[in-house]
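Below, each chain spelled out in residue letters.
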Amino acid sequence: MPTTPTYGLRYQDLNEPPDGAALGKNLAEDVEAELIRIDNNLASLLPVTGWASYTPDWSGAGTATFSTRTGRWRRIGPKTVVFNIYVVVATSGSGSNPVSTSLPTPCSRAIRWTFSGHAESPGSVLQAVTFTGSTGTIVDRILYARPGGSPEIANLTGADCVAGRLFTISGIYEEA
């Protein structure tokens, strides 16, 4: 039985005796096989996922403990992830090392990625950044406007992670 040149669908040649049942069955099987192939290709191009939870790292906070340290994320297109991190400090941290956190999946390091955030108790704006020389899921620095009489932009440190403080960071990035 001959087939079409592009999709390989079988059809009855003019010299063959008519067989409508076999022709219909072959066509249905061929179309179904081609649709499965197309579905599989589309799934690999658009790996969209539902919302999922993860536990972000919160490194450099010294002695801090947390009553909440959670994240939510979703793949919204090919190699494109949206995420949100929510952290509540239970016991105050210590130290002057920069605090870092983590993404749910490794991000591309071709450029720096920046993510916005907020701190409460007291309130402040956050900006989280990835470095091009880094690897994996790490968000290398969290900058914030240190509150007070003369606010300054500074690295978030362990000493800034005081009991009762809330942090949120959200963004979109390209996966590695």
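### A look at the sheet that holds strand β5 (residues 100-102)
Strands in a sheet are paired, the pairing made by backbone hydrogen bonds, and the direction either parallel or antiparallel.
No. 1: Across the sheet, three strands lie side by side as β2-β5-β8; this open sheet has antiparallel pairing. Each edge of the open sheet is held by one strand with a lone partner, namely β2 (58-59) and β8 (138-139).

### Observations concerning the pairing of strand β4 (residues 80-91)
No. 1: Of the pairings in the sheet, the one linking strand β3 (residues 65-77) to β4 comprises eleven bridges and is antiparallel in character. Directly across from Arg75, in β4, lies its bridge partner Val81.
No. 2: Between β3 and β4, which follow one another and run antiparallel, lie two residues, and Lys79 among them has a positive phi close to 55°.
No. 3: Here β4 runs beside strand β11 (residues 166-174); their pairing, made up of nine bridges, is antiparallel. Bridging from a neighbouring strand, Val82 pairs with Ile172 of β11.

### A short note on the packing of aromatic side chains
No. 1: The final tally for this structure, using the stated rule, is four aromatic pairs.
No. 2: Between Trp58 and Phe167 the ring centres are 5.3 Å apart and the planes differ by 35°, which places this aromatic pair in the tilted class. Placement of Trp58 in strand β2 and of Phe167 in strand β11 is noted, with a sequence separation of 109 residues between them.
No. 3: On the basis of relative accessible area, Trp58 is assigned to the buried category, the value being 7%.
No. 4: Note on Phe167: relative accessible area 1%, which makes it buried.
No. 5: Geometrically, the ring pair formed by Phe115 and Tyr173 is edge-to-face, given 6.2 Å between the ring centres and 75° between the ring planes.

### Side note on the environment of Pro104
No. 1: Along the polypeptide, Pro104 turns up in the loop between β5 and β6 (114-120).
No. 2: Put simply, Pro104 and Asp57 are 47 residues apart on the chain and 9.8 Å apart in space, counted from C-alpha to C-alpha.
No. 3: Sequence-distant contacts of Pro104, defined by excluding residues within four places in its chain, comprise Tyr54, Trp73, Val81, Phe83, Thr137 and Tyr173.

### Examining unusual backbone geometry
No. 1: For the bond running from Ser121 to Pro122, omega is -5°, close enough to zero to count as cis.
No. 2: Its identity is not glycine, yet Lys79 carries a phi of approximately 55°, on the positive side.
No. 3: Positive phi outside glycine occurs at Ser121, with the angle close to 70°.

Cut-offs and rules
Residues numbered from 1 in each chain as written. Predicted model: local features only at pLDDT ≥ 70, side-chain atom pairs only at ≥ 80, totals over all residues. Heavy atoms only, no water. Pairing = 2+ DSSP bridges. Helix = DSSP H or I, 4+ residues; strand = E, 2+ residues; numbered from the N terminus. Phe/Tyr/Trp six-rings, centres within 6.5 Å; stacked < 30°, edge-to-face > 60°. Buried < 20%, exposed > 50% of the residue type's maximum accessible area, 1.4 Å probe, protein only. Contact = heavy atoms within 4.5 Å.

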